[in-house]
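Coordinate analysis (summary)
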Amino acid sequence: MKKKQPGFTKSTHVKFFATVQVCIIFAIILIIAHSFHSFYTIEQKYNIKSQELMFSIVGLAILLIVMIFLCVMNIRVNYDARKYTNFLEENTQGLEHQIIDQWNMLNDKNHDLLSMQESVIEGMATIIEYRDVNTGMHVQKTKRYVQMLTNYLFEHKLHTDEVDERFISIIGNAAAMHDIGKIAISDRILNKPGKFTDEEFEIMKNHTVLGAGIVRQIFEHRIDDDMLRMCIDVVQYHHEKWNGSGYPFGLEGTDIPLSARIMAIADVFDACVSRRVYKDKIPVEEVFEIIKKDAGTHFDPELASIFISMKDDVVSYLDEMNKLAEKKTRESKNTQSSSRISEI
């Protein structure tokens, strides 16, 4: 409820008006009393009856009666008004509390729904990583790189027509879905240790379109439209290139959705700095040089420049994740060794 501001309020106005009315009534009573006294004095002293004075007194008496009536009616109306005002204020407070409670309940349900959506998306991304032995924590790392780039855009007020708090809140989940189409690619191709043949590469390229179809089939009408659209954009267009030489549609420049242009940098960077069954890691410094060289051909030049400027933060996070991966590997080996000893 809003606090009442000091000043000439409605209540003060009502009291002031009633006081003025009472003063007027008392003034009329005094005038009538004085008139009666004057009439009596003139009549006694001069033995003359003044009709004009009598008419004045009668008129004042009538005026007094009217003023008393108006005063009583005004007090009655003000009393009823205050009564109904208090009633409305009490009910308004009750309604406000009900609205606040309903709003909080809706917010809680919306938060629960968003949490459930995120859990489903994270679960599907985990399934992809289990199927693709090459990707080790790829989803988690690319999601972080995407968020780092997006936060930079937001903090520096770049692409304000798209990048807002809502954009930031959903792009991480969209990034986790970027390779969901690989579910539809056979293990023979997906986990091939060597280079793809032309035919195999054409099949692998289909994971973008297939992934967009999977997202539509699973999430349409089940998640909000903004998240659905961004998930489809990231999944379908993250292999497009700035110069139009990418796939699946050969889009170029700003025809490629911003979310997909951000994803492209994160995806290529992590693929390069990570070991695969068909290649070794590329040194981080060399990967940044690759991104710099391919800015304006493969990557959005503005986003590439921003990512390079964030080099220290990116390398720090990468080192942290590499240490975590090494720890998990050691724990896994220890578990396997313990299991073998127990079987002897």
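Residues numbered from 1 in each chain as written. Predicted model: local features only at pLDDT ≥ 70, side-chain atom pairs only at ≥ 80, totals over all residues. Heavy atoms only, no water.

1. With respect to the overall build of the protein chain
- Scanning the protein chain from terminus to terminus reveals 12 helices and zero strands.
- Mapped in sequence order, the helices and strands of the protein chain form the string α-α-α-α-α-α-α-α-α-α-α-α.
- When burial is assessed residue by residue, the protein chain has 33% of its 344 residues classed as buried.
- Pairs at least 24 residues apart make up 68% of the contacts formed inside the protein chain by residues separated by at least 6 positions. (Helix = DSSP H or I, 4+ residues; strand = E, 2+ residues; numbered from the N terminus. Buried < 20%, exposed > 50% of the residue type's maximum accessible area, 1.4 Å probe, protein only. Contact = heavy atoms within 4.5 Å.)

2. Some thoughts on a nonpolar patch on the surface
- On the surface, a cluster of nonpolar side chains totalling about 300 Å² of accessible area is made up of Phe69, Leu70 and Met73.
- In this fold, leucine 70 is placed in helix 2 (residues 51-131).
- Judged by its relative accessible area of 43%, leucine 70 is partly exposed. (Patch = residues over 30% accessible without salt bridge, like charges linked within 9 Å, V, L, I, M, F, W, Y side chains within 5 Å. Areas by Shrake-Rupley, 256 points an atom, 1.4 Å probe, with all protein chains shown as cover. Salt bridge = Lys/Arg side-chain N within 4 Å of Asp/Glu carboxyl O.)

3. Section: helix 11 (residues 301-309)
- Of all the positions in helix 11, only Leu303, Ala304, Ile306 and Phe307 are classed as buried. Across the axial projection of helix 11, the buried residues extend over an arc of 160°, all falling on one side.
- One side-chain oxygen at the N-terminal end of helix 11 lies 3.0 Å from the backbone nitrogen of glutamate 302; it belongs to aspartate 300. (Arc of directions from axis to C-beta. Polar contact = N/O pair within 3.5 Å; in protein donor to acceptor, adjacent residues only side chain to side chain.)

4. A word on the confidence of the model for the protein chain
- The predicted model of the protein chain has a mean per-residue pLDDT of 80, with 70% of residues at 70 or higher.
- When the elements of the protein chain are averaged for pLDDT, helix 1 (residues 10-46) gives the smallest value, 60, and helix 11 the largest, 98.
- A low-confidence stretch, residues 1-8 stays under pLDDT 50, and its non-local contacts, those more than four residues away or across chains, total four contacts. (pLDDT = per-residue confidence, 0-100.)

5. Here we look at the nonpolar core
- Counting 52 residues, the largest nonpolar core has Tyr145, Val215, Ile262, Phe269 and Phe307 as the members making the most contacts within it.
- It is helix 9 (residues 258-273) that provides the largest number of residues to this core, a total of nine residues.
- If sequence neighbours within four positions are ignored, isoleucine 262 has contacts with Val146, Leu149, Thr150, Leu153, Phe167, Ile171 and Leu303. (Core = buried A, V, L, I, M, F, W, Y, C linked by side-chain atoms within 4.5 Å.)

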